[in-house]
Amino acid sequence: MKGRKRRLYVLEILGILLGLLWLSPFYLIAVNAFKTNRDIFADVLGFPSNPTIQNFIQAFIDLQFLQSLFNSLIITVASIGIIVFFSSMAAYALARNKSKLSSVILLIFVAAMLIPFQAVMIPLVALFGKAEMLNMVGLIFMYLGFGSSLAIFLYHGAMTSIPSTLDEAAIIDGANKFQTFWFIIFPLLKPISVTVGILNVIWIWNDFLLPSLILSDSEATIPLRMFYFFGQYTKQWHLALAGLTIVIIPVIVFYFIAQKQIIKGVSEGAVK
Amino acid sequence: MKSREFSYWLFLTPVILSLTLVVIIPLLFGLYYSFTDWNGLTVSTFIGLDHYMRVFEDQRFISSLWFTIKFSVVTVILLNILGLGLALLVTKQLKSSHLLRTIFFMPNLIGGLILGFIWQFIFISVFSDIGSIFGAESLQGWLSSPATGFWGLVILTSWQMAGYIMIIYIAYLQNIPSELLEAAEVDGANAFQRFRHVLFPLVAPAFTVSMFLTLSTAFKIYDQNLSLTDGGPYNSTEMVAMNIVNTAFTYNEMAYGQAKAIIFFIFVAAIAITQVYYNKKREVEL
């Protein structure tokens, strides 16, 4: 028993060391963001000797941080909203009308997950360009198209555990199909909605390639703005690092608020 | 009956419409364009398999494909070892278990583009600083040679994704009844034997899932590639996804880029299907 305890102790230390190693990149960018460019070259590893927040002010302005944060928020929230709403509705229709047609439709959605983005991106941009839809609205619509497959798949799996007697009772009480879905079924799907939401936040918030092909400068999201910003300051690490620190902060805050749901959502999404 | 049909289609229309316009039609058009000399605006002539033939003589594409394959094999192996190792560690009764899960998972939430920039700084500035403290020549000039660029990408991706793979393994590890392991211990199996004969077969399904995920992610990587090395030096670290984007949008060869994309699609689909088929079969045998 004593040997077991000692083993746990060793593992605890190993874990903590690994954890620190894992965090070291964040430490390194954060401390160096407070230094001048000269101090970074003089000493990368240590604490800043005379910390300055000038870097952050400059980065904040050049990143047009509030504007790009706002753009990212709108795109992420709107996309997830329509993915959750329309996919759950579709999964409900497919699960409750068991027919050959339903299984074919489900199969098409699942098969679409195999198509890599690069296979459709070139004609997609050309077609939406012709329709003058290379903007935020077009982008949100595209996220529905790319995101609905996984969402429908997850919702469809969850629907099987919701008894259809519930629907029948609602119909007898005079509810129509949409009311039955919205007031009876959708609330029961909440755990899956959270999972779908989490998986899509991680993807859409961080997506770079698609927005870079679609959005104009004024609509730029955080990753897109960061890309321009970094290109502008290649040899000026103090500004680049301050910019990186700023854009990571919202994500870390979100992580600390929704930590439990995130880990749970990811493991549910991965296991299915 | 009629109203049911109506609501059925009403519920399905938004997603079908978006999937059709965003995925299916572009894929079909893309397939057609790949046989033409389409320049992004107008289709001129049908040129058959010319682009496809050209792909196989395109040294830059071949080397990007080879680089991608090497990268994928190495990261899949490394990520599964790391992911399972971390999962085994944090499922022990450590005081720091919960905190460690949170920490290991953290990089996944930050986009690949941003992580690539962070690591560019670490490889270039921090590595050279550590290198000069310890007099290690090998830490100088990282990302400026094909080999260090390769390992740079591997390190970045492993650090980013290990926590995700860890979560998958944890989910499966938690389903293993502890009696099984205790029984093996009582029967005198040592830690390695318990791992090899009890744990490992039982986490095989997790391996299927994580291999599928790591392989398809590794193959499609773009953001990290762009922000960490931008394909340099001399395109030696350019991966397939980046090669396709550059062909289409930097060199404006839309139809040629599309032909590469179709080949890429077939490649990814074939790997994904073979891999799942093979792993499923193996699981049954266990």
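Residues numbered from 1 in each chain as written. Chains lettered and ligands numbered in written order. Predicted model: local features only at pLDDT ≥ 70, side-chain atom pairs only at ≥ 80, totals over all residues. Heavy atoms only, no water.

Novice: Looking at this structure, I do not really get the environment of Lys190 of chain A. What am I missing?
Specialist: Relative to the elements of secondary structure, Lys190 of chain A occurs in helix 10 (residues 190-206). Here the alpha-carbon distance between Lys190 of chain A and Tyr155 of chain A, two residues 35 residues apart in the chain, equals 10.0 Å. (Helix = DSSP H or I, 4+ residues; strand = E, 2+ residues; numbered from the N terminus.)

Novice: I keep staring at the interface of chain B and chain A and nothing clicks. Help me out?
Specialist: Many authors give the size of an interface as the accessible area that is lost as the parts come together. Counting residues at the interface gives 88 residues for chain B and 87 residues for chain A. Buried area between chain B and chain A, both sides added, is near 7,600 Å², and the carbon and sulfur share of it is 81%. Ranking the residues of chain B by area buried against chain A places Phe11, Leu109 and Phe121 of chain B at the top, with a combined share of 11%. Take the side of chain B that touches chain A: its biggest share by element is 23 residues, from helix 1 (residues 2-33) of chain B. Here the residues of the side of chain B that touches chain A sort into 65 nonpolar, 15 polar and eight charged. (Contact = heavy atoms within 4.5 Å. Buried area = accessible area lost by both parts, 1.4 Å probe. Nonpolar A, V, L, I, M, F, W, Y, C, P; charged D, E, K, R; others polar.)

Novice: Where do I start with the UniProt feature "domain: ABC transmembrane type-1" (unreviewed entry) in chain B in this structure?
Specialist: What UniProt calls "domain: ABC transmembrane type-1" (unreviewed entry) maps, in this numbering, to residues 65-277 of chain B. The distance from the first to the last C-alpha atom of residues 65-277 of chain B is 23 Å, and the span holds 77% helix and 0% strand. (UniProt positions renumbered as here; feature names shortened; annotations may be inferred.)

Novice: Help me understand helix 7 (residues 136-159) of chain A, please; the structure alone is not making it clear to me.
Specialist: Residues and elements named next belong to chain A. In a regular helix each residue adds 1.5 Å, so 24 residues correspond to 34 Å; helix 7 covers 32 Å between its end C-alpha atoms and thus fits that length. The largest bend along helix 7 measures about 45° and falls at Gly147. Along helix 7, 18 of the 24 residues are buried, which leaves the element largely enclosed by surrounding structure. (Expected span 1.5 Å × (residues − 1). Bend = angle between axes of the 7 residues up to and from the residue. Buried < 20%, exposed > 50% of the residue type's maximum accessible area, 1.4 Å probe, protein only.)

Novice: What should I look at first to understand the environment of Thr68 of chain B in this one?
Specialist: All names here are of chain B. Examined against the element boundaries, Thr68 turns out to sit in helix 3 (residues 59-90). Residue Thr68 is classed as buried on the basis of its relative accessible area of 0%. Sequence spacing of Thr68 and Ala241 is 173 residues, and the spatial spacing of their C-alpha atoms is 9.0 Å.

Novice: I would appreciate a short explanation of a nonpolar patch on the surface in the present structure.
Specialist: Residues and elements named next belong to chain A. Taken together, the side chains of Phe34, Ile53, Ile57, Phe60, Ile61 and Leu66 define a hydrophobic patch exposed on the protein surface, amounting to about 560 Å² of accessible area. No other element matches helix 3 (residues 54-62), which puts three residues into the nonpolar patch. By the secondary structure assignment, Ile53 is in the loop between helix 2 (37-42) and helix 3. (Patch = residues over 30% accessible without salt bridge, like charges linked within 9 Å, V, L, I, M, F, W, Y side chains within 5 Å. Areas by Shrake-Rupley, 256 points an atom, 1.4 Å probe, with all protein chains shown as cover. Salt bridge = Lys/Arg side-chain N within 4 Å of Asp/Glu carboxyl O.)

Novice: I would appreciate a short explanation of the UniProt feature "transmembrane region" (unreviewed entry) in chain B in the present structure.
Specialist: When the UniProt feature table is mapped onto this chain numbering, "transmembrane region" (unreviewed entry) sits at residues 7-33, 65-91, 103-128, 148-172, 198-219 and 261-278 of chain B. The straight-line gap between the two end C-alpha atoms of residues 198-219 of chain B is 32 Å; of that span, 95% is helix and 0% is strand.

Novice: Help me understand the pattern of salt bridges, please; the structure alone is not making it clear to me.
Specialist: Residues and elements named next belong to chain A. In total, this model carries six salt bridges over all chains according to the counting rule given. Across the pair Arg96 and Asp167 runs a salt bridge, and its minimum N-O distance is 2.9 Å. In this pair, Arg96 sits in helix 4 (residues 65-96) while Asp167 sits in helix 8 (residues 165-172), placing the two residues 71 residues apart along the sequence. In this structure Arg96 comes out as partly exposed when scored by relative accessible area, which is 23%. The shortest N-O distance in the salt bridge between Arg225 and Asp217 comes to 3.4 Å. Residue class for Asp217 comes out partly exposed when judged on its relative accessible area of 44%.

Novice: Explain the packing of aromatic side chains here, please?
Specialist: Enumeration according to the criterion identifies 41 aromatic pairs over all chains in this entry. With a centroid separation of 6.2 Å and 45° between ring planes, the pair formed by Tyr255 of chain A and Phe105 of chain B is classed as tilted. Placement of Tyr255 of chain A in helix 13 (residues 237-271) and of Phe105 of chain B in helix 4 (residues 97-105) is noted, with the two residues assigned to different chains. Accessibility classification places Tyr255 of chain A together with Phe105 of chain B in one group, the buried group. With a centroid separation of 5.4 Å and an interplanar angle of 35°, the aromatic rings of Phe35 of chain B and Tyr52 of chain B are classed as tilted. (Phe/Tyr/Trp six-rings, centres within 6.5 Å; stacked < 30°, edge-to-face > 60°.)

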